[in-house]
Amino acid sequence: MQRWTIHLEGGPKRVNHAAVAIGDSIFSFGGYCTGEDYDTTRPMDVYILDTLSLRWRLLPGIPINHPDYDLVPYQRYGHTAVAVSDCAYIWGGRNDKDGACNILYCFDTGMMKWNKPAINGPIPGARDGHSACVISNKMYIFGGYEEEIDRFSNDVHAFDFTSMQWISVKANGTPARWRDFHTATAVGSTMFVFGGRSDDGGDVFTNNEIYCNKIQTFDTSSNTWYEPVVSGTIPPGRRSHSAFYYEGHLYIFGGYNGIHENHYSDMHRLEPGKMKWSKVKVKGQGPCPRRRQCCCRIESCIYLFGGTSPKNPQMTATHIPLAETDLTDHSDLYVLDFSPSLKVLCELAVLEYKQDTSFLPMNIRWELAAMTTNNNISRSSNTTG
């Protein structure tokens, strides 16, 4: 019985960032915030969420004269992050000053230090809006927008963490369409690709966008693309959504369709064995419609934070393209619990029926406050604390 249980404000205000879960912590890398200066090269910021205390902290930055300064990636958006053991690997992304990047960076969460691994093999072209997932100790990169050659990609590249080598994968079958800002989720040895922004021009951007809602799979054991027949309540096409896998099902949340100017807050579930979609009704008050958020899973809890939404939800009904000034960036955190404890359910019942909580111990009252979805109380109001 999945339920939105916690809503907190006061975390990092970030859009198009990337994050991984390692142990009981979530590490969020880069992204942007409307109104900040992106004309100056600066090191990528790292925010860390302790999921036990629900407190964010900002890792101290490295000064320009520090000997490790060149080992830190520059601030960017549209990049990817994957976790391998206790390390997060950052690849791709761009900013308005430095453009796109194809250098692989490693953040050691034990040492809290950056490094640039020594690598071999053909390095993929610099891009943003691609996807990355880990299968059998390899990171598979798909799609994105390649800056140097100015085109969408539908190539597959793999990075082998054992040999620290890039591999240009020769795919069989009909590949998924050229796209960016899709999701690719590992299910066993298969990569499930959904959504993203494509174009009538194929790999060439003509501003005639396509938002496909097909599921396409890439079998990494045979390097073969498939387009399975699916049934059920198929979600509308979208980009900049979230996807995660939990107990035999693939879930997607949120996203954006630029043709209809729709931001979504819906959740859909795919059963890979039957290739059947269903729309999921989640109890509790969840996030507002949004795109470009981050989503990480730790055991039975999904932690969703950041992203951007229309300032006025009624503006989407006009189907007029929204300007940056029409959007608001979020600094919130939501927790979706697939297996809430009896204690949590009781606390939620107290809130739902507006029971008096003054007699409860202070720590329990704090927990109740954190679960209140319409308050501004936050245990993380100081992001550096």
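Right, let's walk through the structure included here. (Residues numbered from 1 in each chain as written. Predicted model: local features only at pLDDT ≥ 70, side-chain atom pairs only at ≥ 80, totals over all residues. Heavy atoms only, no water.)

If you trace the three strands from one edge of the open sheet to the other, you get 12-15-16, paired in antiparallel fashion. A strand with exactly one partner marks an edge of an open sheet, and here the two such strands are strand 12 (127–128) and strand 16 (151–152). In this structure, strand 12 lies alongside strand 15 (residues 145–146), joined through two bridges in antiparallel fashion. When the bridges of strand 15 are listed, Arg 127 appears paired with Glu 146. (Pairing = 2+ DSSP bridges. Helix = DSSP H or I, 4+ residues; strand = E, 2+ residues; numbered from the N terminus.)

For the rest of this paragraph, the subject is the pairing of strand 1 (residues 3–8). When you tally the buried positions in strand 1, you get six out of six residues, the bulk of the element. Relative to strand 34 (residues 333–337), strand 1 is paired through five bridges, and the arrangement is antiparallel. The residue bridging His 7 from the neighbouring strand is Tyr 334, located in strand 34. (Buried < 20%, exposed > 50% of the residue type's maximum accessible area, 1.4 Å probe, protein only.)

For Ala 118, the position within the fold is in the loop between strand 11 (113–115) and strand 12. According to the relative accessible area criterion, Ala 118 is exposed, its value standing at 68%. For the pair Ala 118 and Gln 165, spaced 47 residues apart in sequence, the C-alpha to C-alpha distance is 8.9 Å.

Attention now moves to the pattern of salt bridges. Close approach of charged atoms allows side chains of opposite charge to pair. Enumeration over the complete set of coordinates arrives at 15 salt bridges. Residue Arg 197 is joined to Glu 209 by a salt bridge in which the shortest nitrogen-to-oxygen separation is 3.7 Å. With Arg 197 in the loop between strand 20 (190–194) and strand 21 (198–199) and Glu 209 in strand 22 (residues 209–210), the pair connects residues that are 12 residues apart, well separated along the chain. Its relative accessible area of 22% is what places Glu 209 among the partly exposed residues. A salt bridge links Glu 227 to Lys 214; the nearest nitrogen and oxygen atoms lie 3.4 Å apart. Within this pair, whereas Glu 227 is found in the loop between strand 24 (224–226) and strand 25 (231–232), its partner Lys 214 is found in the loop between strand 22 and strand 23 (215–219), the two being separated by 13 residues in sequence. (Salt bridge = Lys/Arg side-chain N within 4 Å of Asp/Glu carboxyl O.)

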